[in-house]
Amino acid sequence: MTGVRKGLAKVEVGLRWDPSPAGTPPHDLDLVAAVYGAADLHGVPLHLVHFGSRSPDGTITLNRDSQTGQGFGYDEVMTLELDRMAPELRRVVVGVIIQDTGGGPRKTFADIPGTGVRIREGYTDLAQGGFDSVPAATAATVAEFTREDSGIWSLDAGLRGFDAGPEEFTRTMGAVR
């Protein structure tokens, strides 16, 4: 899942995974987006978008939220309307967090079958892949959208694993690599 694509307007990030076996705690994966301003591109996000929230300006929304992975296709879907974002918003990092369901040891991507992510604009797939390259991670960034001085948004799709809980991940997901 790599590549750079320029001139983006409205993109969709989809996340899928298989449900846990009967009698075991559910797998709960969540999409999260961190939005950064021009003054601090790698520090504290201006806002976070995750389950139960959306960006204050309505340009990033979580359209579908699953807590079990049951269903067909992509279980969680987030829409980013990059072309509608305020000019001072210059960077959006999208990640995936494995939520602790309280049913035993913390799960990693190796513990969850059928994981996958897809990034698309309209009907065009920009990037897709799984989490095989970060099996020991409990969270991962999957995409970074950046706005050039000209106003054009570009996508750098790449997987970067973290061994962090939700709070730590959302604080560090946009840090300089």
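One can find the structure itself at the top, above this paragraph.
The following paragraphs examine the structure supplied in this document. (Residues numbered from 1 in each chain as written. Predicted model: local features only at pLDDT ≥ 70, side-chain atom pairs only at ≥ 80, totals over all residues. Heavy atoms only, no water.)

1. Some details on the pattern of salt bridges
Point 1. Applying the stated criterion across every chain, the model contains 6 salt bridges.
Point 2. Here Arg120 makes a salt bridge to Asp125, at a shortest N to O gap of 3.0 Å.
Point 3. You can call Arg120 buried: its relative accessible area is 18%.
Point 4. Looking at Asp125, the relative accessible area reads 35%, which means it is partly exposed. (Salt bridge = Lys/Arg side-chain N within 4 Å of Asp/Glu carboxyl O. Buried < 20%, exposed > 50% of the residue type's maximum accessible area, 1.4 Å probe, protein only.)

2. With respect to the side chain of Lys107
Point 1. Topologically, Lys107 is positioned in the loop between β7 (89-99) and β8 (116-121).
Point 2. For the buried Lys107, no salt bridge exists, and the shortest N-O distance to an oppositely charged side chain is 7.3 Å, to Asp111.
Point 3. A polar contact of 3.1 Å, which involves the side chain of Lys107, links it to the side chain of His27.
Point 4. Contacts of Lys107, omitting those with residues within four sequence positions, involve Pro25, Pro26, His27, Ile98, Ile112 and Thr138. (Helix = DSSP H or I, 4+ residues; strand = E, 2+ residues; numbered from the N terminus. Lys, Arg positive; Asp, Glu negative; His and termini not counted. Polar contact = N/O pair within 3.5 Å; in protein donor to acceptor, adjacent residues only side chain to side chain. Contact = heavy atoms within 4.5 Å.)

3. Notes on the nonpolar core
The nonpolar side chains of a soluble globular protein tend to be buried with one another.
Point 1. Counting residues in hydrophobic clusters, the biggest one holds 37 residues, and the most contacted among them are Leu80, Val92, Val94 and Phe145.
Point 2. For Phe145, the residues in contact, after removing those within four places along its chain, are Leu8, Val11, Leu80, Leu82, Arg90, Arg91, Val92, Val94, Ile119, Trp153, Ser154 and Leu155.
Point 3. Counting 10 residues, the second largest nonpolar core, distinct from the first, contains Tyr36, Phe162, Phe169 and Met173. (Core = buried A, V, L, I, M, F, W, Y, C linked by side-chain atoms within 4.5 Å.)

4. What to know about the packing of aromatic side chains
Point 1. The full count for this structure, using the stated rule, is 2 aromatic pairs.
Point 2. Ring geometry for Phe109 against Phe131: centres 4.3 Å apart, planes inclined by 5 degrees, an arrangement best described as stacked. Residue Phe109 is located in the loop between β7 and β8, and its partner Phe131 is located in the loop between β9 (124-129) and β10 (139-147); the two are separated by 22 residues in the primary sequence.
Point 3. Exposure remark for Phe131: the relative accessible area of 2% places this residue in the buried category.
Point 4. Between the aromatic rings of Phe162 and Phe169, the centroid separation amounts to 5.0 Å while the plane-to-plane angle is 75 degrees, which identifies the pairing as edge-to-face. For the pair Phe162 and Phe169, a shared accessibility class is recorded, and that class is buried.
Point 5. Against the face of Tyr36 rests Arg91, its NZ or CZ located 5.1 Å from the ring centre. (Phe/Tyr/Trp six-rings, centres within 6.5 Å; stacked < 30°, edge-to-face > 60°. Lys NZ or Arg CZ within 6 Å of the ring centre and 35° of its normal.)

5. Some words on the pairing of strand β3 (residues 28-37)
Point 1. β3 sits mainly inside the fold: 10 of its 10 residues count as buried.
Point 2. The alternating pattern of β3 places Asp28, Asp30, Val32, Ala34 and Tyr36 on one face and Leu29, Leu31, Ala33, Val35 and Gly37 on the opposite face, and all of these are buried.
Point 3. With 10 bridges joining them, β3 and β7 adopt antiparallel strand pairing. Pairing of Val35 across the sheet is with Val92, part of β7.
Point 4. Two elements, β3 and strand β4 (residues 47-49), share 3 bridges in a ladder whose sense is antiparallel. Residue pairing across strands places Ala33 opposite Val49, the latter belonging to β4. (Pairing = 2+ DSSP bridges.)

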